[in-house]
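# Fold and geometry: a report
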Amino acid sequence: MPVAKEVFPGVYSIDGRLATRNLVKGRSVYGENLVTVDKTEYRMWTPYRSKLAAAVMNKLRTFAFKEGSSVLYLGASNGTTPSHVSDIIGKKGRLFGVEISERSMRDFVALCEKRENMLPLLADARRIESYSGVVGNGSCDIIYQDVSAKEQAEILEKNAVFLKKGGYAYLAIKSQSIDISREPKEVYKEVLHYLENTFEILEQLSLEPYDSAHLFAVLRKR
Ligand SMILES: C[S@@+](CC[C@H](N)C(=O)[O-])C[C@H]1O[C@@H](n2cnc3c(N)ncnc32)[C@H](O)[C@@H]1O
């Protein structure tokens, strides 16, 4: 009989593999397996598909997501990682999913129809004024940012206005989107240095072997 061991609030390890409790019973989001343990249905969470799962596998220490959290998710794409965050924060939580691509947004909207704690925002995360009427200033516990854009540091800096003081930011930095010609290490250093006025840098994690294109950082708003 498999056992589900809680490793962080709402995150479980089942036979050494990560999972979240399925908020929408019987539904798989991106082809992940559903597993029932002690009458509770879980969705397996693969670190090869989700950088947050990869960070947990790679000994992330600061896990701020919990039941009832309010999350601004930048780069929601078609909802793979957002769906697991939605499981974790539960019905009392709220996820605002910002995505620039209309094509990805179509899938994400369909997912939000099934998951009432997620709200889709078709918008450019560089233009915060387009959603500042929906996401209140200082209202979010967490910003999760995974955008494949050049201005990644500036995007987080601008969006920090939505974060509570002491709130957390999870940032997947893709050096190739910023400058393909430079050493990734230099680019990561520059991004984090840029953010230091607004944020305290708590953790920096490699996502190898699950992902080799990003540095994953955890920050706290000053
Ligand atoms: C790597 S994907 C995100 C994957 C998602 N975080 C997950 O784990 O399921 C990056 C997404 O960022 C979006 N994106 C890029 N620039 C953006 C911007 N300026 N504003 C909003 N979304 C953006 C892309 O369209 C893409 O869907």
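Right above here is the structure, for reference.
Our subject in this report is the structure included herewith.

About the criteria used
- Residues numbered from 1 in each chain as written.
- Predicted model: local features only at pLDDT ≥ 70, side-chain atom pairs only at ≥ 80, totals over all residues.
- Heavy atoms only, no water.
- Helix = DSSP H or I, 4+ residues; strand = E, 2+ residues; numbered from the N terminus.
- Buried < 20%, exposed > 50% of the residue type's maximum accessible area, 1.4 Å probe, protein only.
- Near = heavy atom within 4 Å.
- Polar contact = N/O pair within 3.5 Å; in protein donor to acceptor, adjacent residues only side chain to side chain.
- Areas by Shrake-Rupley, 256 points an atom, 1.4 Å probe, with all protein chains shown as cover.
- Pairing = 2+ DSSP bridges.
- Axes fitted to C-alpha atoms, helices over the stretch in contact; angles between N-to-C directions.
- Contact = heavy atoms within 4.5 Å.

In this section: unusual backbone geometry. For the bond from Glu208 to Pro209, the omega torsion is 5°, close enough to zero to count as cis. For Pro209, the position within the fold is in the loop between strand S11 (199-206) and strand S12 (214-221). Non-glycine residue Lys39 carries a positive phi angle of around 65°. Looking at the element boundaries, Lys39 is found in the loop between strand S4 (34-37) and strand S5 (40-44). On the basis of relative accessible area, Lys39 is assigned to the exposed category, the value being 77%. Positive phi, close to 50°, is recorded for Ser77, a residue that is not glycine. Within the secondary structure layout, Ser77 lies in the loop between strand S6 (70-74) and helix H2 (80-89). In this structure Ser77 comes out as partly exposed when scored by relative accessible area, which is 32%.

For the ligand, the set of nearby residues contains 18 residues, the closest of which are Tyr73, Thr81, Glu99, Asp124 and Ala125. At 2.9 Å, a backbone N or O of Ala125 approaches a nitrogen atom of the ligand. Separating a nitrogen atom of the ligand from a side-chain N or O atom of Asp146 is a distance of 2.9 Å. Its free accessible area being 600 Å², the ligand has 84% of it covered by the protein chains. Sorting elements by how many residues they give to the shell around the ligand places H2 first, with three residues.

Quick look at the sheet that holds strand S7 (residues 94-99) now. Pairing is mixed in the open sheet, where seven strands are placed in the order S8-S7-S6-S9-S10-S12-S11. The two strands at the open ends of the sheet, each matched to only one other strand, are strand S8 (118-122) and S11. The average angle at which neighbouring strand axes cross in this sheet is 15°, direction not considered. Judged from the seven bridges that link them, strand S10 (residues 163-174) and S12 form a sheet pairing that is antiparallel. Looking at S12, one finds that Tyr170 is bridged to Val218. Sheet strands touched by helix H3 (residues 102-114): S7 and S8. Its angle to S8, the strand with the most contacts, is close to 160°. Each of S6, strand S9 (140-145), S10, S11 and S12 is contacted by helix H4 (residues 152-159), which is oriented at about 165° to S10, the strand it contacts most.

This next bit is on the sheet that holds S4. Read from one edge to the other, the open sheet built from five strands follows the order S1-S2-S3-S5-S4, with strand pairing classed as antiparallel. Lying at the two open borders of the sheet, with one neighbouring strand each, are strand S1 (4-8) and S4. Ignoring strand direction, the axes of neighbouring strands in this sheet form an average angle of 45°. Where strand S2 (residues 11-14) lies against strand S3 (residues 17-21), four bridges are found, and the strand directions are antiparallel. Residue pairing across strands places Tyr12 opposite Ala19, the latter belonging to S3.

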